[in-house]
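# Notes for the structure review
Residue-level listing of the chains:
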Amino acid sequence: MHTIAYQKLTSDFYNRPDVLTIARELLGKIIVTSFNGELTAARIVETEAYAGVTDKASHAYGGRRTARTEIMYREAGTAYVYLCYGIHQLFNIVTDETDIPHAILIRGAEPITGVPVMLRRTGKKVADFTLTRGPGNVSKALGITLAHTGESLLEDDFYVASDGFVPVAKDIIATPRIGVDYAGADALLPYRFIIRNNKYVSGKVVKSV
């Protein structure tokens, strides 16, 4: 078990109107999972904000409500996990008030606790930077699956916490999101946030916009 004191984020952290601020402030926070008695934790180093009904890159653009996206309209601090390309299970955090479908995708994280468990889950032999780089790898390593969509991140087995670490402002870079070319002009919005020079950040090295 880790001995560092983690402070679980409360609903007040997630229940705010500015999804960009929350996405930026999630950098440095720690995802903790304790599934089947196996503890894993990783520090968030890359996020993407999705601004609901007005954001063409969002699953909820235009007020779309389906069996999958209905989770996005739930209370702040709810997990939204969806399947991408029929393979990758991607973990998002719902923010803002009920019925406002803002969400933040977790794209990269740096392992802290439970690396042997992460290796087993991912089928990797070596704990290199690919272990939790990219949203599909984050979920797989931490044991997050479609079964967790709709769960509250305010419980004890699956949550996001702070250990007091906050990246300095100059080390936070905002860039366009990855893989949302279908969103037209909205694909160019600087809604992706990364910690500069962190090896667990996915995609190519980019400059701030």
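See above for the structure.
The sections below set out a description of the structure shown in this document. (Residues numbered from 1 in each chain as written. Predicted model: local features only at pLDDT ≥ 70, side-chain atom pairs only at ≥ 80, totals over all residues. Heavy atoms only, no water.)

### Quick word on the pattern of salt bridges
Scanning all chains against the criterion turns up 13 salt bridges. Close ionic contact of Asp171 with Arg196 constitutes a salt bridge, the shortest N to O distance being 3.7 Å. One end of the pair, Asp171, is in the loop between strand S7 (158-162) and strand S8 (172-175); the other, Arg196, is in the segment after strand S9 (192-195), and 25 residues separate them in sequence. The class for Asp171 is partly exposed, based on a relative accessible area of 22%. Taken together, the shared-partner salt bridges connect Glu46, Glu48, Arg107 and Arg192 into one network. (Salt bridge = Lys/Arg side-chain N within 4 Å of Asp/Glu carboxyl O. Helix = DSSP H or I, 4+ residues; strand = E, 2+ residues; numbered from the N terminus. Buried < 20%, exposed > 50% of the residue type's maximum accessible area, 1.4 Å probe, protein only.)

### A short note on the nonpolar core
Ranked by size, the top nonpolar core spans 42 residues in total, and within it Leu26, Ile31, Phe91, Ile106 and Val160 carry the most contacts. Looking at this core, the element that brings in the most residues is strand S3 (residues 38-51), giving five residues. Discounting chain neighbours no more than four positions away, the residues touching Val160 are Gln7, Lys8, Leu9, Tyr14, Leu26, Lys29, Ile30, Ile31, Ile44, Ile93 and Leu153. Residues Tyr82, Leu90, Leu105 and Val180 belong to the second largest nonpolar core, which totals 16 residues. (Core = buried A, V, L, I, M, F, W, Y, C linked by side-chain atoms within 4.5 Å. Contact = heavy atoms within 4.5 Å.)

### Notes on the side chain of Ser58
You can see Ser58 is positioned in the loop between S3 and strand S4 (79-84). Classification of Ser58 by relative accessible area gives buried; the value is 3%. Among the polar contacts listed, one links the side chain of Ser58 to the backbone nitrogen of Ala60, at a separation of 3.0 Å. For Ser58, the residues in contact, after removing those within four places along its chain, are Tyr50, Gly52, Arg64, Met72 and Pro101. (Polar contact = N/O pair within 3.5 Å; in protein donor to acceptor, adjacent residues only side chain to side chain.)

### What about the packing of aromatic side chains?
Per the stated rule, a full pass over the model turns up five aromatic pairs. Measuring from centroid to centroid gives 5.3 Å for Phe91 and Phe158, while their planes differ by 45°, and the two rings are tilted. Taken together, the positions of Phe91 in strand S5 (residues 88-95) and Phe158 in strand S7 put the pair 67 residues apart, joining distant regions of the chain. Put simply, the rings of Phe35, Phe91 and Phe158 touch in pairs and so form one group of aromatic residues. One residue, Lys8, lies across the ring of Tyr159, its end atom 5.0 Å from the ring centre. Taking NZ or CZ as reference, Arg16 lies 4.8 Å from the ring centre of Phe13, over its face. (Phe/Tyr/Trp six-rings, centres within 6.5 Å; stacked < 30°, edge-to-face > 60°. Lys NZ or Arg CZ within 6 Å of the ring centre and 35° of its normal.)

Shape is all these values report; function is a separate question.
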